[in-house]
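Now for the letters of each chain:
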Amino acid sequence: MEQQAPKRLEELRKLLEEYGHHYYVLDNPVVSDAEYDALMQELIQLEEQYPQFFSEDSPSVRVGGEPLPFFEKVEHRSPMLSLGNAFSDVDLRDFDRRVRQLVGDNVTYTCELKIDGLAVSLVYEKGKFKRGATRGDGTVGEDITANLKTIPAIPLRLKEQVNIEVRGEAFMPKGSFEALNVAKEKVGEEKFANPRNAAAGSLRQLDPKLAAKRNLSIFIYAIGYLEEKEVPSHHEGIHYLKELGFRVNKESRHCSSIEEVIAYTEEWVQKRGELPYEIDGIVIKVDRLDQQKEMGFTAKSPRWAIAFKFPAEEVVTTLEDIELNI
Ligand SMILES: CC(C)(CNC(=O)c1ccc(Oc2ccccc2)cc1)c1ccc2c(N)nc(N)nc2n1
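Residues numbered from 1 in each chain as written. Predicted model: local features only at pLDDT ≥ 70, side-chain atom pairs only at ≥ 80, totals over all residues. Heavy atoms only, no water.

*Asks:* So what's going on with the site of the ligand? Residues and values would help.
*Replies:* Around the ligand there are 15 residues in total, and Pro79, Leu81, Glu112, Arg167 and Lys285 lie nearest to it. A distance of 2.8 Å separates a nitrogen atom of the ligand from a polar side-chain atom of Glu112. Lys285 has a polar side-chain atom sitting 3.0 Å from a nitrogen atom of the ligand. Coverage of the ligand by the protein amounts to 79% of the 670 Å² it exposes when considered alone. For the shell around the ligand, the element with the most residues is strand 3 (residues 109-115), which contributes 3 residues. Of the residues contributing to the shell around the ligand, the split by class is 9 nonpolar, 1 polar and 5 charged. (Near = heavy atom within 4 Å. Polar contact = N/O pair within 3.5 Å; in protein donor to acceptor, adjacent residues only side chain to side chain. Areas by Shrake-Rupley, 256 points an atom, 1.4 Å probe, with all protein chains shown as cover. Helix = DSSP H or I, 4+ residues; strand = E, 2+ residues; numbered from the N terminus. Nonpolar A, V, L, I, M, F, W, Y, C, P; charged D, E, K, R; others polar.)

This is the structure we're talking about:
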C-alpha cells in the first residue's frame, strides 16, 4: 500500500501552484513575496525530509536542479517557423493584398507584440510539462527543460490533461536586466548588451540554479500541435491557452482591417517605452485557421503571418556613460 504523502506537503504544493499562477501568470499576486518564499522554504524542507514523495511537477523544482554536462539535441514535432518582415505601411498593405488575393475579402487579423527574447517550444503530455527546447534551426533545438522549469510563468501542470506543444518567447524584464548588469558591474563581470542576450545567456548555460535567479518570464503565442481539439481561429486558440494556464500577452488585438493593423503598429511604436519588457515589432496573423491552412507556407515561413519591425530604439547615451577622457 503506497504511503500517503504528509497532508501538509500536498497542501503546500497546491497553495504554491495557485499562488504562483496568480503572481507570475496573471500578474495579480494574492500573497506577499515573503509569504510565498516562506511557504516555498517549508515545502523544500518537507521534501528533503520525505524524499520518497519527490514529484517532478512540485513547485519546488523552480529553485533549479544540478548542472548538466551538456544539452541534448531535440527534434521539434512540427517546425518552428520564422516570419517574413514588413518595414512600412506599404509593406503591410502589400501583405493584405496578397492575403485577399488568396482567401478573399472576408479576412480579419490578430496583432501581437513581438517580444525581444528567445523563442522556445514547450511540450506537455497529459497536461504535464515534459520538455522545453530552443528554436535552434527551426527543426532541431537544444533541450533546456531543466532551465525552463525554473521560470515561474511556465506552468508545470495544465488545467486540462491535454497533449499539446506550444511556442512562446522567454524574456528578461527591463528592470531585471538593469539590476543584473548593476550586479555584474559590481563584481567586474562583463555586462549583457540587451535583455534578449541576457535571456538567451541565462537559458543556454548549464546550471539551472543560475537560471532560477534571473527573473525570467514568458509569453506563449502559438500552438505547434494539439491533440483531440480543433480551434477555429488564432484569437480563440490564444484564449484557450490562457484557460489552460499559460501566460499570454494582454495587448493582443483582433483587427477587422489592415487600417486597424496599421493604427495598432503606430500606437505601439509610440508606447513601446512604457512596457516593462522590450519588443522589436508587431506580429500580424490571419485570424481564421481555415484561411491559414488555405494559404500554407513558403520554405520557412507561413504566408498568413508577417512581422512589422520597429526601427532600432535609438540609445540615448547620457554624459556619465561616455568616458570623458579630458
Ligand atoms: C506564426 C509563428 C511562425 C508561430 N507558428 C509556428 O511556428 C507554426 C509552426 C508550424 C505550423 O504548422 C505546421 C505543421 C507541420 C508542418 C508545417 C507547418 C503552424 C505554425 C510565429 C513566429 C514568431 C512569433 C513571435 N516572435 N511573436 C509572436 N507574437 N508570434 C509569432 N508567431
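*Asks:* So what about the nonpolar core? Which residues, and what values?
*Replies:* Membership of the largest hydrophobic core comes to 37 residues, with the highest contact counts inside it found for Leu122, Leu148, Ile164, Leu241 and Phe246. Going through the elements one at a time, strand 4 (118-125), strand 7 (164-171), helix 5 (174-186), helix 6 (195-203), strand 8 (217-226) and helix 8 (234-244) are the ones with two or more residues in this core. Leaving out residues up to four positions away in the same chain, Leu148 has contacts with Val120, Leu122, Phe129, Gly132, Ala133, Ile154 and Leu203. Membership of the second largest hydrophobic core comes to 30 residues, among which are Ala86, Cys255, Trp268 and Leu275. (Core = buried A, V, L, I, M, F, W, Y, C linked by side-chain atoms within 4.5 Å. Buried < 20%, exposed > 50% of the residue type's maximum accessible area, 1.4 Å probe, protein only. Contact = heavy atoms within 4.5 Å.)

*Asks:* If you had to explain the packing of aromatic side chains to someone new, which residues and values would you point to?
*Replies:* Here the structure, examined in full by the defined rule, presents 12 aromatic pairs. Clustering of aromatic rings is evident, with ring pairs tying together Tyr23, Tyr24 and Tyr36. The lysine or arginine in question, Lys271, covers the ring of Trp268, its NZ or CZ lying 4.4 Å from the ring centre. (Phe/Tyr/Trp six-rings, centres within 6.5 Å; stacked < 30°, edge-to-face > 60°. Lys NZ or Arg CZ within 6 Å of the ring centre and 35° of its normal.)

*Asks:* Lay out the sheet that holds strand 4 in plain terms, naming residues and giving numbers.
*Replies:* On the basis of which strands lie adjacent, the open sheet formed by 4 strands has the order 5-4-7-8 and antiparallel pairing. Strand pairing shows two members of the sheet lacking a second neighbour, strand 5 (128-134) and strand 8, which therefore form its edges. Looking at each pair of strands side by side, their axes are set apart by 30° on average, direction ignored. One ladder, built from 8 bridges, connects strand 7 with strand 8; its direction is antiparallel. (Pairing = 2+ DSSP bridges. Axes fitted to C-alpha atoms, helices over the stretch in contact; angles between N-to-C directions.)

*Asks:* Any chance you could break down helix 6 for me, citing the residues and the numbers?
*Replies:* Along helix 6, the residues classified as buried are Pro195, Ala198, Ala199, Ala200, Ser202 and Leu203. Taken together, the buried residues of helix 6 touch strand 4, helix 4 (145-148), strand 7, helix 5 and helix 7 (208-211). A side-chain oxygen of the first residue of helix 6 lies 3.2 Å from the backbone nitrogen of Arg196; this N-cap is Asn194.

*Asks:* Describe the pattern of salt bridges, naming the residues involved and giving the relevant values.
*Replies:* Counted by the stated rule, this structure contains 26 salt bridges. For Lys250, the salt bridge is made with Glu251, and the minimal N-O distance between the two is 3.0 Å. Notably, a salt bridge pairs Asp290 with Arg288, separated by 2.6 Å at the nearest N-O pair. For Arg288, a relative accessible area of 30% corresponds to the partly exposed category. Within the structure, one salt-bridge network assembled from shared partners comprises Arg8, Glu11 and Glu42. (Salt bridge = Lys/Arg side-chain N within 4 Å of Asp/Glu carboxyl O.)

Honestly, that's just the spatial picture; any functional story needs more than this.
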